[in-house]
Amino acid sequence: MKPSALLGALSGRFDPASRFFSTTQPSLHRNREEPEMAKKNITRPATAETALLSDIRVGRGRDKRRLSDEEWNALVRMLAIKTDPESFDVRSLAPEGSYLARLLRHFDETDISYAIPLMKLVMVAASWLTQRGATLEVPGLGDIVPTHWIIGLAESGEAKTLASDEVMRILSLDGECPVSQLAAPGSDAQWIDDLAENNGSYWFQDEVGKFFNKVLTSANFLRIKPWMLDAYSHKPISNRLKGETQKRVIERPMFTFFGLTVSSTWKMDIDLSSMLDGFCQRMTYFIAPPRTDTDMFDHYLYFTGPKTEERRADLHELWQALCCQEGAAGSYTLNPDVLPYLEEWWRSLRATWGDTSLPKSFIRRTGFSLMRYLPVLHFLLGKARHPIDLETAELATRFAEYHLQSTLALFQDYHQNGTGQVQKVFTLRNQLQAEGKPATVRNINRKLSTGQRANLPAALIREIVAILNKIEEVPDLISADMKRPQKSGALVARLEEIRARLKKTERKRNERRLRNLRKAYLQDRDCFENAMAESRDGPVEDREEDVVLIEEDARNVVELSTRRSGT
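Predicted model, so just to flag it, every value in this text is computed and none were measured.

### Here's the deal with the sheet that holds strand β6 (residues 135–138)
1) Next: Pairing in this open sheet of 3 strands is mixed, and the strands run β7-β6-β15 from one edge to the other. Of all the strands in the sheet, just β7 (142–144) and β15 (331–332) have a single pairing partner and so form its edges.
2) Next: Taken together, the 2 bridges between β6 and β15 define a ladder with parallel strand orientation. Paired with leucine 136 across the bridge in β15 is tyrosine 332.
3) Next: In this fold helix α14 (residues 360–380) packs onto β6, β7 and β15, with an angle of close to 120° to the strand it touches most, β6.

### Let's talk about the side chain of threonine 284
1) Next: The residue threonine 284 is located in strand β14 (residues 284–287) in this model.
2) Next: Note on threonine 284: relative accessible area 7%, which makes it buried.
3) Next: Apart from residues lying up to four places away in sequence, threonine 284 is in contact with Trp149, Ile150, Ile151, Ser369 and His403.

### Considering the environment of leucine 408
1) Next: Mapped onto the elements, leucine 408 comes out in helix α15 (residues 390–414).
2) Next: Judged by relative accessible area, which is 8%, leucine 408 ranks as buried.
3) Next: On a C-alpha basis, the gap between leucine 408 and leucine 358 in space is 5.4 Å, while along the polypeptide they are 50 residues apart.
4) Next: Residues within four places of leucine 408 in sequence aside, it is in contact with Trp353, Thr356, Ser357 and Leu358.

### Description of the packing of α14 against α15
1) Next: Where α14 contacts α15, the axes come no closer than 8 Å and their chain directions differ by 140°. Considering the relative orientation of α14 and α15, their crossing is right-handed. Touching Phe362, Ile363, Thr366, Leu370, Tyr373, Leu374, Leu377 and His378 of α14 are Thr392, Ala393, Leu395, Ala396, Thr397, Phe399, Ala400, His403, Leu404, Thr407 and Phe411, all from α15.

### Considerations on unusual backbone geometry
1) Next: Within the chain, alanine 159 stands out as a residue other than glycine whose phi angle is a positive 60°.
2) Next: One can find alanine 159 in the loop between β8 (149–154) and α5 (160–171).
3) Next: A residue is classified by how much of its surface remains accessible, and alanine 159, at 18% relative accessible area, is buried.

### Some words on the pattern of salt bridges
1) Next: All chains considered together, the criterion is met by 18 salt bridges.
2) Next: Of the charged contacts in the structure, one is a salt bridge between arginine 223 and aspartate 188, with a shortest N-O distance of 3.1 Å. Of the two residues, arginine 223 is situated in the loop between α7 (208–217) and α8 (224–232) and aspartate 188 in helix α6 (residues 188–197); the sequence distance between them amounts to 35 residues.
3) Next: Note that aspartate 389 is salt-bridged to lysine 383, the shortest N-O span being 2.9 Å.
4) Next: When salt bridges with common partners are traced through the structure, they connect Lys383, Asp389, Glu391, Arg509 and Arg513 into a single cluster.

What counts as what
Residues numbered from 1 in each chain as written. Predicted model: local features only at pLDDT ≥ 70, side-chain atom pairs only at ≥ 80, totals over all residues. Heavy atoms only, no water. Pairing = 2+ DSSP bridges. Helix = DSSP H or I, 4+ residues; strand = E, 2+ residues; numbered from the N terminus. Contact = heavy atoms within 4.5 Å. Axes fitted to C-alpha atoms, helices over the stretch in contact; angles between N-to-C directions. Buried < 20%, exposed > 50% of the residue type's maximum accessible area, 1.4 Å probe, protein only. Left-handed = near helix turned anticlockwise from the far one by under 90°. Salt bridge = Lys/Arg side-chain N within 4 Å of Asp/Glu carboxyl O.

As C-alpha cells, this is what we get:
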C-alpha cells in the first residue's frame, strides 16, 4: 500500500476557519442504551480524506450515523489504493508554496527523481540545526537532537550525486558551506578522530552499500559499527592509537548521516542477515521513485539557460531567510494537541502495518524518527518561532509512512515471491468487473495461485466491499440507489476536488510566510553572517566539552592492529 496521509485519518468535523478538525471519539463498543461516557477530544489536521469522510452517513433503518472507526479505516484504505498513482509522488511531501516545493521546482526541467533533492535538503537542514544546538523538548524524554540517519536508494543513471551536489551548491551559493562536514573515512581510527574534531557534523556517504560492506567485513573499519551504535543514542565512545598515552573520549557523539546507493546492488553488498542486524536497523530508508512525467532522453544537459543562476540565487536567499528566522536554532516545543495526534496516528498503524512482513524493529525506529523530523520540517516551513503544530506533525507522518513503504519494498526485494498482494487483488477485482462477474472474495481467490492465496489479506477486501455496500448518502454526492462502482467513483471525484481546494489554500499560506521571512531577512542581512560565524566557531556549542583526553598507562591498553590512514 502506498504511503499517504489517508492511513492516519480518523473521523471528525471540519472547521474551515482553523484548518483543523476537532473530533470526539466515543467507544465503538458502547451500546446505544448505555450512558454516555467521557469522550476524548483530539484535534486533527484538515486532510482531504477527513473532510470527505466526515460527511458520510451509514443507513440504519431510519437512523443515520457517522462511520465507525472500522468503517472509516476501511474506506481510508480503499481510497489510498484507488487514488494513489502507481509510483508514489514525492511532491506530496513538499507542501504547496513552501521552500521544499520551490526547491523541487528547480528540478522540473530534469528527469531526476524529486526524492533526492528533497531528502538532501532535509538532511542539510537537520545538520544545520544540530550544529547550531537546536533540540526538540518532549516532557519526560528530555531534549531530542535532529540527528537523522537516512539512506536513499535509486537506480543507476538517476543522477543521485549530481542532484545532491546541486542542492549543496544552492545552499552554499556565496561560497560558504552551510554545515561542517565529515570526510569519508579511510579507517575506523581516522573516523573517530575526525568526529572528535567535528562532533555534530554532516556525513555524506556515496555508494553507502559498499561502505557498509566494509564496515561489516573489513578489519580497518570494524570498530565503526559499535561506535555508531553507541553514537545513535549519544553514548560515549573512545579510542587511543598505538603508542599514545592519552585516550580520546567523545562524551556525547552526534552527527547526521546521509547515504546514497544503487538500488539494484544493495542486496549484493548487504545480505538479509546484515539488513536485520541492529546496525542497519538504525537507518531510515527511502527509495527514490523514477519520474513518470519525463525521461533521460528529454534532457541532454541539466541546469542550463539564462534563468538557472537567478533561480539558484532566489533559493539561496530564501534559505538564508529561513536560517535567520526567530527561534531557528533554539529549543522547539510541541503544541498540546500534537502528541495526542501522533499517538493516535501510531495506533492506526496497527491496522495498516501490523500484519506486514516489515520487522517490528524497523517500524518502531521509523516511528521514532518522526520526532527528529518535527523540528526540521517546522524550520523548513518557516515557523520556528512558534510551537510545533498539527500542520507540521501531519507532514512528518507523511515522511514516516514514505520511509515505511520504502523499507517494506526493500525487504520485499529480498523475498520477491511476497510482493504486491494488495495490488494483485485490486487488479483481479477490476478484471472481474470488466468481465461482468461479481468481484467477490471467492472469485478473486479462485484467480490466485496457492502461494498468493495463503498470504492474501481477504479480510481487507471483504471489509471494503461491505462498507461500500452500507454507505447510504453523502450530501449532494451519493444517493442510496447508487451501485457500488458509482459510489466509489463519486467518493474519489469529491476527494480530488477537496484536495485541490486545500492545496490552493496551503500554497497561499506558505507563500505568504516565505515573503514575510524574506522581507525580514533583507532588512537585516547581518543575521545570516552572524549565524555562519557562530557555526564556524564550532559545529556544536561548547564542542570541546564533548571531547576529553584521559591519561592512561600504555601497559594497560591493548595495542591496536590498525593505523590512522595517511600516517
